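Inside the fold
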Amino acid sequence: MDVSSNSLTAAQREAVEHIDGPLLILAGPGSGKTRVVTQRIAHLVRQGVPAHQIVGLTFTNKAADEMRSRVETLIGPSRVWLGTFHRFCSRLLRRYASLVGLDENFTIYDSDDSLRMLKRTLEQMDQPPTHFMPEQIRSAISWAKNNLITPQQYEPRQGHALGSAVVRVYPEYQARMRIANAVDFDDLLLHVGTLLRENAELRAELDERYRYILVDEYQDTNLVQYAIARALSIDHPNLAVTGDPDQSIFGWRGANISNILDFQRDYPDVKVVRLEQNYRSSKQILRVADALIVHNQRRKEKRLFTENDEGSPVRLTHYATHREEAQRIADEIAVEIASGRRRPSDFAIFYRINALSRAFEFALRERGIPFQLVKGLEFYQRKEIKDVMSYLHLINNPRDDVALLRVINTPTRGIGKKTILGLTEHATRYGQTLFASAQETGLIEALGKRAATAVGRFVKIVDHLAETASAPVEEIVGRVLSESGYQKSLQESGLEEDESRLANIEELLTVAREFDERFGEEAGLSAFLEETALVNDVDQWEEEIDRVTLMTMHSAKGLEFPVVYIVAAEEGLLPHERSREDPDRLEEERRLLFVGMTRAEEELQLSLATQREFRGQRRRTVPSSFLMELPREQMKVVEPAADWTTGEFEEDEFFDGWEDDDGFDATDEEADENFDESPKEFGGDREEDAEAAEAGRATARQADAKSTLTTAAQLHESREPTAATPKTKSAPPVSPEEFRVGMAVVHPEYGLGKVAALSGSATQRTATVQFVTAGERKFRLQHSALRPARET
DNA sequence: CGTAATGAAATTTTT
DNA sequence: TTTCATTACG
């Protein structure tokens, strides 16, 4: 994007020069939004607005940093507050902690910690067998919090079984969190949200203090965030939000797309500015992305345009295997780099789920191409790091039960299940924390002498460590490592695994040192803990480093790259299978792909593989239904090379099971193994199993008709329409009930298509199918040869 | 009480 | 494939 140019379009200028009153900036991808926002901040300050009255709320720290540095280049260092919602709330909450029953040194639990807390709660509530998995309850609680519903307000939907479990667990969980002086991510927002709602005085005070609020990525805010922004903009309604409904991709986290769609209703005299010109992508890319997104129903009409070059066509490449996909893409990248046309950092590879990164890591590494993997769970989630961090948390907040449980016997000090149970019961009986109980082991009869001594030793270690709590962070970490015996136990174990753990711990020491240097030693332990609690994966991504970027499409939001590869555009993966039933979520998946595509500046390739190995299992794939919504005639479509079978998978190995014409020999064990969509997965009784098995075999046989044919679509393309499989071998009927709108289907004559609509019932049940190449057709399901295009 | 081994299950996206 | 949990054994 052109940052240096001082020229602004009329629309941009309008937004930049707006000062008082609500402002809605509808900004398409690559429309120079960040530039507009930062210029507006600069403009506000230049117009005499005190910098400390301006607050910019972003989604990631990365975005905040970016804005800060841009504002700085415009007006120099200032006291404008820029950061994430969570950080902002955390800051407020530290100051007003006592109002919600917390101490200012509260701990922020990550999702792992809060799940542990929840599990403990469930265990100790001797719940009537709620066979709900803690995960489900956790997400129900999270949902409530995101919607500003406190434990007291929570009301289960009538007859909703999960709800009635939640209605009991939620208050108990919350109470325990308070005892532990801890909050989870959602609490940061919830507590501030309720404070503002219930404390008019405080609300007015803060509204006064933060007069100019700016919310970025507004389409991804949830109800609490909305409520917070709103509460701070009542007396001083200078709320400016930017966003793009088409880029709303966090609905599963409670984000409410209505927040942006209804903004004009909430603030009637809002000024609306639309930024529709794209400065990022080529015309070709933009056109394809637009063709995709128009398939969404719930959206604000928007036409994107660009004055950029036409560019090269968007590619849609069909590989034989996931391996080949990775290898070929890596090859391309290698060639471009070797020729000097591109640098590694020009490239990005996006996928739907992190689990898909491996093949690409491997292929890039093989070629010596530097890359950076932006992935969750990387550093702060590792066991050894969490262990050490838990000591720090315990020092900072002795009430932190989750931390205590984590380290009380790490390294092992002879404190086992029984001892912990004794401590827990004692703590529960007196409504106190585990650490408090640990300090008075003498009073606990259930504990033997040996256990009591062991616990006493642990308490002593923590107490001693706590004395140095005000030292520089690096020093504290160092002491933890030595005094807890953690480091020693790793060194002595001799396990290879522990070698790398030691290395990671070294890394943590470095992080601590850098923190000390960056914020000065007086910043202290609590600041360090807060800092590390609120980082996220994308924050670790470094723009300057010259490496190929590997990340999920979610992480890619807000970034841009000259060349983008979007991989694994396959049914069940790109529209993720968990979104298939719900049309809203399917639209969200489409937006996700849209976001991914619009990250590309010059070149974009979408790809899929016919065969993909996932969770250690080979699977045949079905092309993403989104691919059928793209203007293929404007794109460069590449099908697998004819000789692909000589590649990664040995043909014999893979096709063994259905090689001979007679079909399937039930006694052939190998065949069974190769038969991924085994009868079991279809469920049902034996007869159905047999049918399903036959269906699978039939599809497999079709695929094998010519060994280069691997999908129904290809099957269709290279075959006479009338040359359908012989009747005797065609797939058995499938229940009309199995069909769903949006489902990918196969027809022996028309090939691959997607169910556009369903009507009628029973024998009248009719499907309207949009075929890739054969147009739209209707079928009476009862008699048709239409079949779901399942992975085979 | 601690460790090791075995077996089973589970796998989206993230502040 | 990886991770988790349970169990058996020392």
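Residues numbered from 1 in each chain as written. Chains lettered and ligands numbered in written order. Predicted model: local features only at pLDDT ≥ 70, side-chain atom pairs only at ≥ 80, totals over all residues. Heavy atoms only, no water.

Glancing now at the packing of aromatic side chains. Any two aromatic rings considered together are summarised by their centre-to-centre distance and by the angle between their planes. For the structure on display, the rule yields nine aromatic pairs. Within the aromatic cluster, the residues linked to one another by ring pairs are Trp-81, Phe-88 and Tyr-210. The positively charged end of Arg-230 is found above the aromatic ring belonging to Tyr-267, 4.7 Å away from the centroid. We note Lys-557 situated over the ring of Phe-59; from NZ or CZ to the ring centre the distance is 4.4 Å. (Phe/Tyr/Trp six-rings, centres within 6.5 Å; stacked < 30°, edge-to-face > 60°. Lys NZ or Arg CZ within 6 Å of the ring centre and 35° of its normal.)

Grouped together as the largest cluster of nonpolar side chains are 66 residues, with contacts concentrated most on Val-215 and Ile-228. Excluding anything up to four places from it in sequence, Ile-228 contacts Phe-85, Cys-89, Leu-189, Val-192, Gly-193 and Leu-196. Residues Ile-385, Leu-394, Leu-423 and Val-477 belong to the second largest nonpolar core, which totals 45 residues. (Core = buried A, V, L, I, M, F, W, Y, C linked by side-chain atoms within 4.5 Å. Buried < 20%, exposed > 50% of the residue type's maximum accessible area, 1.4 Å probe, protein only. Contact = heavy atoms within 4.5 Å.)

Its 19 residues place the ends of helix 7 (residues 161-179) 28 Å apart at the C-alpha level, agreeing with the 27 Å of an ideal helix rising 1.5 Å per residue. The largest bend along helix 7 measures about 30° and falls at Val-167, with the proline Pro-171 one to four residues further on. Listed in full, the buried residues belonging to helix 7 are Leu-162, Gly-163, Ala-165, Val-166, Val-169, Tyr-170, Tyr-173, Gln-174, Arg-176 and Met-177. For helix 7, the secondary structure elements touched by its buried residues are strand 4 (107-109), helix 5 (111-124), helix 6 (134-146), strand 5 (182-184) and helix 8 (185-198). At the exit of helix 7 stands Asn-181, carrying a positive phi of roughly 55°. (Helix = DSSP H or I, 4+ residues; strand = E, 2+ residues; numbered from the N terminus. Expected span 1.5 Å × (residues − 1). Bend = angle between axes of the 7 residues up to and from the residue.)

This brings us to the pairing of strand 6 (residues 212-215). Alternating positions in strand 6 separate into two faces, Tyr-212 and Leu-214 on one and Ile-213 and Val-215 on the other, with burial throughout. Where strand 2 (residues 54-58) and strand 6 come together, four bridges link them in parallel fashion. By the bridge assignment for strand 6, Val-55 is matched with Ile-213. As a crossover connection, the stretch from strand 6 through helix 10 (residues 223-231) into strand 7 (residues 238-243) is right-handed. (Pairing = 2+ DSSP bridges. Right-handed = clockwise from strand over helix to strand, strands pointing away.)

Spatial strand order, 3-2-6-7-1-8: six strands in an open sheet with parallel pairing. Of all strands in the sheet, those bounded by a partner on one side alone are strand 3 (81-84) and strand 8 (271-275). Between one strand and the next, the sheet's axes are offset by a mean angle of 15°, whatever the strand orientation. This element, helix 2 (residues 33-46), spans strand 1 (23-27), strand 2, strand 3, strand 6, strand 7 and strand 8 of the sheet and lies at about 175° to strand 6. Set on the sheet, helix 4 (residues 85-95) makes contact with strand 2, strand 3 and strand 6; between it and strand 3 the angle comes to about 110°. (Axes fitted to C-alpha atoms, helices over the stretch in contact; angles between N-to-C directions.)

Read these as geometric descriptors, not functional statements.
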